[in-house]
Amino acid sequence: MTKNNLSTSADKNLSYPKAIGYISMVDPKESVCQDCRSCELYCAAVHEAACGLELTRIWESRDPFRGEYFAYTCKQCIAPSCVAACPEDAMYIDEKTGARCIDEEKCNGCQKCIRACPVEPPRINYNSVKKKAVKCDLCKDRADGPVCVQMCPTMCLTLKKYK
Amino acid sequence: MSEQYGWAGQILRVNLSTGAFSTIDTMKYVPKYIGGYGIALRLFWEEMKPGIKAFDPENKVFIMNGVASGTMSPSSGRVNFLGISPHSYPEQPTNTSIGGHFPARLKWNGYDGIILEGKSEEPCYLVIENGKPRLEPAKGLWGLGLIDSQQILQDRYGKNRCDIYGIGPAGENLIRYAIVGCGAHNATGQGGMGAVLGSKKLKAIVLVGGKHQVKVKDPEAAIKAILEFYPKKRKRPMIYANLGDKPDNPWWPEWTGGKDIFDNHAKDWMGSIHNMPYPIFAKSCATGCLGGCGFFEFKNVPAVSRPGLALGMTGCVHTRYEQFFDRLEGEKNFEKGFEVHVLAQQLGFNHHEINYGIVPWLHYTKQLGIDTESLMGMPTDVRDHEWWIKLLNMIVYRKGFGDTLAEGLRRTVEILGPEKYWFPEYQGPEAAREGDTNPVKYPVAGIGGWGYVSRGILADHGMGPAGALPGALCWMIDTRDSHHNKWPDWIHDQFLGYVMKEPDKYGTPFVIKWAKDATMRGILIDCLPACFQFPLRKHMGWQWDHEEIGEGTKSTGFEARLFSAVTGVEVTEAEYYKAGESIH
Ligand code: SF4
Ligand code: SF4
Ligand code: SF4
């Protein structure tokens, strides 16, 4: 695992290395979400060896009465407010992928990162059993890459590259 | 309890008479009974005394998810309902299943199942919020449509925060073939479990939140196994096409496997809807679905007889509503069928009984000059959508002859006299698709095993032994409609192959072995659980890197591997099959 490369809080005000990209949906003309929640389940399973609502780093939003289905996750922001908000320096930038990551050992469960995330709903989950925040790390430790992209049956998820 | 994999470890018991809640320990029953239907059956035989009728407060409903529910195991978003069925003839234990995201959320609320017993004095609904159950009054919901009442509950408990199973007026009014449904489409189908919930005055079950974490023994091993039988992935945009036409349908070659013999099957299954001016979206109907087997969701379809836009899903038995209208002269024919379809779902009917049973029966008796019109008090016209709306309302509110039809077609012909109203043979165009297919030939009442009207079983394929025998054999050894857990194409293909090649159709052990294997596989699927299309249908537009997987011949082995990957309990395919035998 890549270690924290932001040594002090002061460093966080400097610019952050960009992530390679973020997980996004493809153009609906190309393919659409079929409302299966596979992305959520595989995401939780490969990170936690367990599945549950508090373990997933990606969410499918569904309204079966209006026929609206889409998935969303962390944008791997260029200037990530979550990283800047962490009082424990528990958040770090993965060297290989640039993913904004949480060091589980350092996280004290204060949830300040969740409150700092500017998108609605926030893209960080909270595991109330372990009392740790969890978020998308672009599956940086997986040889096959992002498992949500790998297993989505309709191929409607992609790693959208930051140029 | 927190250390085990897969199972949550407890089953919730809800006594609707007293409002008391208790739990029982799942681990007493596993791994021997696997989960899902296996445990439900075991509990049924432990707890149910002989002589209990479907609408007695003593009838219990065992609602069980499975060991794989709430994990990434493919197509695992199913639960089983088991109880004494009011739909079955005679009333007897029957199981059925339903999908959606409720099964996973039940596990995430910390339960492997719910046992409903007793009967509430007043209409109520059950809420389980982060594992904690409570009963709420349902006065403002009782009488509302299945879809409308769910929308109110979703607004109350939060979008993406809750999953709901409910009943419509059909369940409330004890229509023997009422469904339990979720969303705009999913249903328990056969068995009349909606009427059993209605008899208990239970309008809905709402699952909210859920903090339980389902441990998976070896996720990467499970992914490896899943990828082996994962169909070749393909992008799935919205499609603008007439699925009933070969040149238009992008999946036609795959639906039919390039074989002419499957043309009719492909049309019958999903496709034969014409003049459909809306984009087609193949939506999954359960958590973890690998492919969206071919149910199509349409939204913003204008209603015809009242203002408003409708959303619904069509496919399989549902397409019949649209097929009754889609080739007529004039305007808005798809919309007329769709409106009737969505109304039937709102009211909470089992579509088989309506559009393979009652409506064709009224049509065929008329063609043969058997007077059912004076019973109905109106002329029968299956091409008039206003007629359909009147019919559905007559049945659901038990008005006039609707009160008899509410008992189901099997009981209706029993009351009227089977000699005149069941056995006469109709030969001619099929009710929904005049002029489109070969003439059909069968009794006027399309009744299959145990009094169910069933698509494609016994009564209505007209395929001779190939159509009738598999269903008959499965019906003999199980009370569930075999169409719904034992009937993927590959099983049918095997049987068809046998019928084609074998000169002595009845003198070989093949048929017995076939029926037993089909039943075991169906049972094991209901225990894991997985959708019965698992591992997807060969003729549903899917292809595999290893073509034999599309044939499904090793599918029980896949299920055994998934069971091991999720639970850490090593089983061979033979051991898994044996567990199915002991459950049955
Ligand atoms: S969690 Fe929120 S703030 Fe942090 S990188 Fe992701 S989207 Fe940006
Ligand atoms: S890339 Fe990995 S961590 Fe991020 S949402 Fe997808 S599966 Fe989850
Ligand atoms: S896996 Fe793909 S199709 Fe399924 S819910 Fe996620 S984004 Fe939608």
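What you are looking at is a predicted structure, and each value in this text was computed from that prediction instead of being measured.

Caption draft 1: The arrangement of the overall build of chain B in detail. Each helix and strand counted, chain B has 22 helices and 18 strands in total. Classification of the 584 residues of chain B by burial places 66% in the buried group. In chain B, once contacts between residues fewer than 6 apart in sequence are set aside, the share between residues at least 24 apart is 68%.

Caption draft 2: Fine view of the overall build of chain A. The secondary structure content of chain A amounts to 4 helices and 9 strands. Going residue by residue from the N terminus, the α and β elements of chain A occur as β-α-β-β-β-α-β-β-α-β-β-α-β. The C-alpha radius of gyration of chain A comes to 15 Å, within 12% of the 15 Å expected for a compact globule of 163 residues. In terms of overall dimensions, chain A has C-alpha extents of about 45 × 40 × 30 Å along its principal axes. For chain A, with 163 residues in total, the buried portion stands at 60%. Residue pairs in contact within chain A that sit at least 24 positions apart in sequence constitute 65% of those at least 6 positions apart. Taken as a whole, chain A presents about 7000 Å² of accessible surface, with 54% of it coming from carbon and sulfur. Averaged over its 24 positive side-chain charges, chain A has a centre that lies 3 Å from the centre of its 21 negative ones.

Caption draft 3: How the structure looks around the sheet that holds strand β1 (residues 10-15) of chain B. Residues and elements named next belong to chain B. Strands sit in the order β2-β1-β6-β3-β4-β5 across an open sheet of 6 strands; the sheet is mixed. Two strands bound the open sheet, and with one partner strand each, they are β2 (20-25) and β5 (92-98). Across the sheet, the mean angle from the axis of one strand to that of its neighbour is 20°, orientation sign disregarded. Where strand β3 (residues 61-64) lies against strand β4 (residues 79-85), 3 bridges are found, and the strand directions are antiparallel. The residue of β4 that forms the bridge with Ile63 is Phe81. Helix α1 (residues 37-47) contacts β1, β2, β3, β4, β5 and β6 (113-117) of the sheet and is inclined by roughly 25° relative to β4.

Caption draft 4: Structural detail: the interface of chain A and chain B. Facing 44 residues of chain A, the contacting portion of chain B comprises 49 residues. Interface area lost by chain A to chain B is led by Gln34, Leu53 and Phe65 of chain A, which between them contribute 18%. Inspection of the chain A/chain B interface yields 4 salt bridges. Taken together, the links from chain A to chain B amount to 22 residue pairs in polar contact (both at pLDDT 80 or more). Breaking the side of chain A that touches chain B down by element, the ones donating at least two residues are α1 (38-48), β2 (50-51), β3 (58-63), β4 (68-73) and α4 (147-151) of chain A. When residues of the side of chain A that touches chain B are assigned to their parent elements, the largest contribution, 5 residues, is made by α1 of chain A. Tallied by class, residues from the side of chain A that touches chain B come to 23 nonpolar, 10 polar and 11 charged. For β2 of chain A and strand β13 (residues 214-215) of chain B, the ladder comprises 2 bridges, and the chain directions are antiparallel. Of the residues in β13 of chain B, the one forming a bridge with Ala50 of chain A is Lys215 of chain B.

Caption draft 5: Structural detail: the site of ligand 3. The environment of ligand 3 is formed by 13 residues, the closest being Cys33, Cys36, Arg37, Cys39 and Cys152 of chain A. Residues of the shell around ligand 3, tallied by class, amount to 8 nonpolar, 3 polar and 2 charged.

Caption draft 6: Focus on the environment of Ser88 of chain B. All names here are of chain B. Position of Ser88 among the secondary structure elements: in the loop between β4 and β5. Residue Ser88 is classed as buried on the basis of its relative accessible area, which comes to 0%. Residues Ser88 and Ala54 lie 34 residues apart in sequence; the distance between their C-alpha atoms is 9.7 Å. Apart from the residues lying within four places of it in its own chain, the contact partners of Ser88 are Thr94, Arg411, Trp450 and Tyr452. Among the polar contacts listed, one links the side chain of Ser88 to the side chain of Gln92, at a separation of 2.8 Å.

Caption draft 7: Representation of helix α3 (residues 146-157) of chain B. Residues and elements named next belong to chain B. An ideal rise of 1.5 Å per residue puts 16 Å on 12 residues; α3 measures up with 16 Å between its terminal C-alpha atoms. Within α3, burial applies to Leu146, Ile147, Ser149, Gln150, Leu153, Gln154 and Tyr157. End-on, the buried residues of α3 take up no more than an arc of 160°, which puts them together on one face. Gly158 lies just past α3 and shows a positive phi near 105°.

Caption draft 8: Focus on the nonpolar core. Formed by 55 residues in total, the largest nonpolar core has its most connected members in Ile34, Ile39, Leu43, Phe62, Met72, Ile226 and Leu528 of chain B. Look past the residues within four positions of Ile226 of chain B in its chain and what remains in contact with it is Tyr42 and Met151 of chain A together with Met72, Pro74 and Leu562 of chain B. Ranked by size, the runner-up nonpolar core spans 51 residues in total, among them Ala178, Phe295, Leu405 and Tyr442 of chain B.

Caption draft 9: Fine view of the pairing of strand β17 (residues 425-428) of chain B. Residues and elements named next belong to chain B. Taking every second residue as pointing to the same face, the buried face of β17 carries Tyr426 and Gly428, while none of Glu425 and Gln427 on the other face is buried. Inspection of the sheet shows β17 paired to strand β18 (residues 440-443) by 4 bridges, in the antiparallel sense. Across the sheet, residue Tyr426 finds its bridge partner in β18, namely Tyr442.

Caption draft 10: Molecular detail of the site of ligand 1. Taken together, Cys74, Lys75, Gln76, Cys77, Pro80, Ser81, Cys82, Cys117, Pro118, Val119, Ile124 and Lys135 of chain A are the residues near ligand 1. Of the residues contributing to the shell around ligand 1, the split by class is 8 nonpolar, 2 polar and 2 charged.

Caption draft 11: A look at unusual backbone geometry. Residue and element names in this part refer to chain B. With an omega of 0°, the peptide bond between Tyr89 and Pro90 qualifies as cis. Inspection of the secondary structure puts Pro90 in the loop between β4 and β5. The amide bond that connects Leu528 to the next residue, Pro529, takes the cis arrangement and shows omega of -5°. Turning to its location among the elements, Pro529 is positioned in the loop between α19 (510-527) and α20 (547-551). The backbone of Ile34 sits at a positive phi, close to 60°, despite the residue not being glycine. Note that Ile34 resides in the loop between β2 and α1. Taking the relative accessible area as the measure of exposure, Ile34 reaches 1% and is therefore buried. Unlike most non-glycine residues, Lys201 shows phi in positive territory, near 60°. Inspection of the secondary structure assignment puts Lys201 in the loop between α5 (193-199) and β12 (202-208).

Caption draft 12: Local environment of the sheet that holds strand β15 (residues 296-302) of chain B. Strand order in the open sheet formed by 3 strands is β14-β15-β16 (chain B), with antiparallel pairing between adjacent strands. With one partner strand each, in any of the chains shown, β14 (281-282) and β16 (309-314) of chain B form the two edges of the open sheet.

Caption draft 13: Molecular detail of the domain arrangement of chain B. All names here are of chain B. Segmenting chain B into domains produces domain 1 (10-208) and domain 2 (231-347). Each partner contributes residues to the interface: domain 1 has 20 residues there, and domain 2 has 14 residues. Summing both partners gives a buried area of about 1400 Å² for domain 1 against domain 2, and 55% of it is carried by carbon and sulfur. Together, Ile147, Ala184 and His185 form the three largest contributors to the area buried by domain 1 at its contact with domain 2, with a combined 39%.

Caption draft 14: Inspection of the state of the cysteines at higher detail. All chains considered together, the criterion is met by 0 disulfides over all chains. Cys86 of chain A carries a free sulfur, and the closest cysteine sulfur to it, the one in Cys110 of chain A, is 6.1 Å from it.

Cut-off values and rules
Here the residue index of a chain counts from 1 through its sequence in written order. Here chains are named by letter from A upward and ligands by number from 1 upward, in the order in which they appear as written. Whole-chain, interface and lining totals are the exception, using all residues; otherwise, since this is a predicted model, local features are given only for residues with pLDDT of at least 70 and side-chain atom pairs are given and counted only at 80 or more. To obtain the side-chain values, all non-hydrogen atoms of the structure were included, while hydrogens and water were left out. Helix and strand definitions here come from DSSP, where helices need a minimum of 4 consecutive H or I residues and strands a minimum of 2 consecutive E residues; each element is numbered from the N-terminal end. Exposure classes here rest on a 1.4 Å probe applied to the protein chains alone. A residue is buried below 20% of its type maximum, exposed above 50%, and partly exposed in between. Between two residues, a contact is recorded if the distance between any of their heavy atoms is within 4.5 Å. Taken over C-alpha atoms, the radius of gyration is set against a globule rule of 2.2 Å times the number of residues to the power 0.38. Computed by Shrake-Rupley with a 1.4 Å probe, the accessible areas treat only the displayed protein chains as cover when residues are assessed. The charged-residue count follows a simple rule in which Lys and Arg add positive charge and Asp and Glu add negative charge, with His and chain termini not counted at all. The atom standing in for a charge is NZ when the residue is Lys, CZ when it is Arg, CG when it is Asp and CD when it is Glu. The pairing criterion is simple: DSSP has to find at least two bridges between the two strands. Axis lines are fitted through C-alpha atoms, for helices just across the contact stretch, and the angle between N-to-C directions can take any value from 0 to 180 degrees. Two parts lose some accessible area (1.4 Å probe) when they are put together, and adding that loss for both gives the buried area. Each salt bridge in this description consists of a side-chain nitrogen of Lys or Arg and a carboxyl oxygen of Asp or Glu lying within 4 Å of one another. Two N or O atoms count as a polar contact when they lie within 3.5 Å, although within protein this holds only if one can serve as hydrogen donor and the other as acceptor, and sequence-adjacent residues are included solely when both atoms are side-chain atoms. Under this grouping Gly is polar, as are all residues other than the nonpolar Ala, Val, Leu, Ile, Met, Phe, Trp, Tyr, Cys and Pro and the charged Asp, Glu, Lys and Arg. Any residue with a heavy atom positioned within 4 Å of a molecule or strand is treated as near that molecule or strand. One less than the number of residues in a helix, times 1.5 Å, gives the span that helix is expected to have. For this quantity, the arc is that covered by the directions from the helix axis to the C-beta atoms. In this description, a nonpolar core means a group of buried Ala, Val, Leu, Ile, Met, Phe, Trp, Tyr and Cys residues linked to one another through side-chain atoms lying within 4.5 Å. For the domain bounds, the source is a domain assignment made automatically or taken from a database. Our working definition of a disulfide is a cysteine sulfur pair at a distance within 2.5 Å.

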